[in-house]
Amino acid sequence: MSLAIDIRRLRFRYGGGPWVLDIPELTLDQGTRAFLFGPSGSGKTTLLGVLSGVLKPDEGEVGVLGHDLASLSSAQRDAFRAEHIGYVFQMFNLIPYLSVLDNIALPARMNAARRARLDGAGVKETAVQLADHLHIGDLLKKRVTELSVGQQQRVAACRALIGAPELIVADEPTSSLDFDRRETFLELLFAECDRAGATLVFVSHDRTLEGMFSRRISLPDINRATV
């Protein structure tokens, strides 16, 4: 099986400060559902930034979907992320003046490669289908500011999934939900990742969720940096 993530000798720090990440090795097979956990301040969000190409490591190799992000320029990393990675932010980062439909459709409208992976379906049609799968199909005309936290969470997941990116990265998106709603959301997210054949890296400090994942990674166990 091919590797979705292949990290070797990764080291990262902000400016001239102490090392935040010092990870000798981390690999994930394609299609894995990975649960990455650790206490606040252990470097979870920083690692996601490196994996998604937002941050460039000071040392090492960051293999993502067969590309070494550490060797790419900032513009090349931005282009790679737009084409291949769906990101679900902790605070969702939805655009408040857009409708639910337009928030979901945005990545495919802005990236030709993601549009090309819609298998002949239109962007709107695909956005509607994703919304139906995540049970928000009746909210498409609403502005996201009118939605509950749980509904906004599903909009963010649909936006990350449109255009079938090969890697989905989720940064504590369930932190505002109770346990039952978290489980329901994860089941829907898993179904959509399976449908697209995507690898999922899900970060949380809430270890009650880890049993739902096929791979569990303790960041303090693999990160030699003191943060």
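The structure under discussion appears in the preceding block.
Residues numbered from 1 in each chain as written. Predicted model: local features only at pLDDT ≥ 70, side-chain atom pairs only at ≥ 80, totals over all residues. Heavy atoms only, no water.

Draft legend 1. The arrangement of the nonpolar core in detail. Judged by nonpolar contacts, the single largest core of 41 residues is most densely connected at Ile104, Val155, Ile162, Leu189, Leu200, Phe202 and Phe213. Going through the elements one at a time, strand S3 (33-37), helix H3 (100-110), helix H5 (123-133), helix H6 (149-161), strand S7 (167-171), helix H7 (179-196) and strand S8 (199-204) are the ones with two or more residues in this core. Excluding residues that lie within four positions of it along the chain, Leu189 makes contacts with Ala157, Leu161, Leu200 and Phe202. Counting residues in hydrophobic clusters, the runner-up holds 31 residues, among them Ile23, Val64, Phe80 and Ile217. (Core = buried A, V, L, I, M, F, W, Y, C linked by side-chain atoms within 4.5 Å. Buried < 20%, exposed > 50% of the residue type's maximum accessible area, 1.4 Å probe, protein only. Helix = DSSP H or I, 4+ residues; strand = E, 2+ residues; numbered from the N terminus. Contact = heavy atoms within 4.5 Å.)

Draft legend 2. The arrangement of helix H1 (residues 44-51) in detail. Of all eight residues in H1, seven are buried; the element is thus mostly enclosed. Every buried residue of H1 is accounted for by Lys44, Thr46, Leu47, Leu48, Gly49, Val50 and Leu51.

Draft legend 3. Empty space enclosed by the protein, seen in detail. With the rule as written, the count across this model stands at one cavity of 30 Å³ or more. Considering only enclosed or pocket space, the largest cavity measures out at about 40 Å³ in volume. Around the largest cavity, the lining residues are Leu26, Leu28, Leu36, Leu47, Leu51, Val201 and Ile217. Listed by contribution, the elements that provide at least two residues to the lining of the largest cavity are strand S2 (19-29) and H1. (1 Å grid on protein atoms, 1.4 Å probe; cavity = no way out; pocket = protein on both sides within 12 Å on 5 of 7 lines; lining within 4 Å. Points joined across faces, edges and corners; volume = space filled by probe spheres on them.)

Draft legend 4. The arrangement of H3 in detail. Every buried residue of H3 is listed here: Val100, Leu101, Asn103, Ile104, Ala105, Pro107 and Ala108. Tucked inside the fold, the buried residues of H3 contact helix H4 (112-116), H5 and H6.

Draft legend 5. How the structure looks around the packing of aromatic side chains. Applying the stated criterion across every chain, the model contains seven aromatic pairs. Seen in terms of ring centroids, Tyr87 and Phe89 are 4.5 Å apart; in terms of plane orientation they differ by 20 degrees. Their pairing is stacked. Looking at Tyr87, the relative accessible area reads 14%, which means it is buried. What links up through ring pairs into an aromatic cluster is the set Phe35, Phe37, Phe190, Phe202 and Phe213. Looking at Arg13, its charged tip hangs above the ring of Trp19, at a distance of 4.3 Å from the centre. (Phe/Tyr/Trp six-rings, centres within 6.5 Å; stacked < 30°, edge-to-face > 60°. Lys NZ or Arg CZ within 6 Å of the ring centre and 35° of its normal.)

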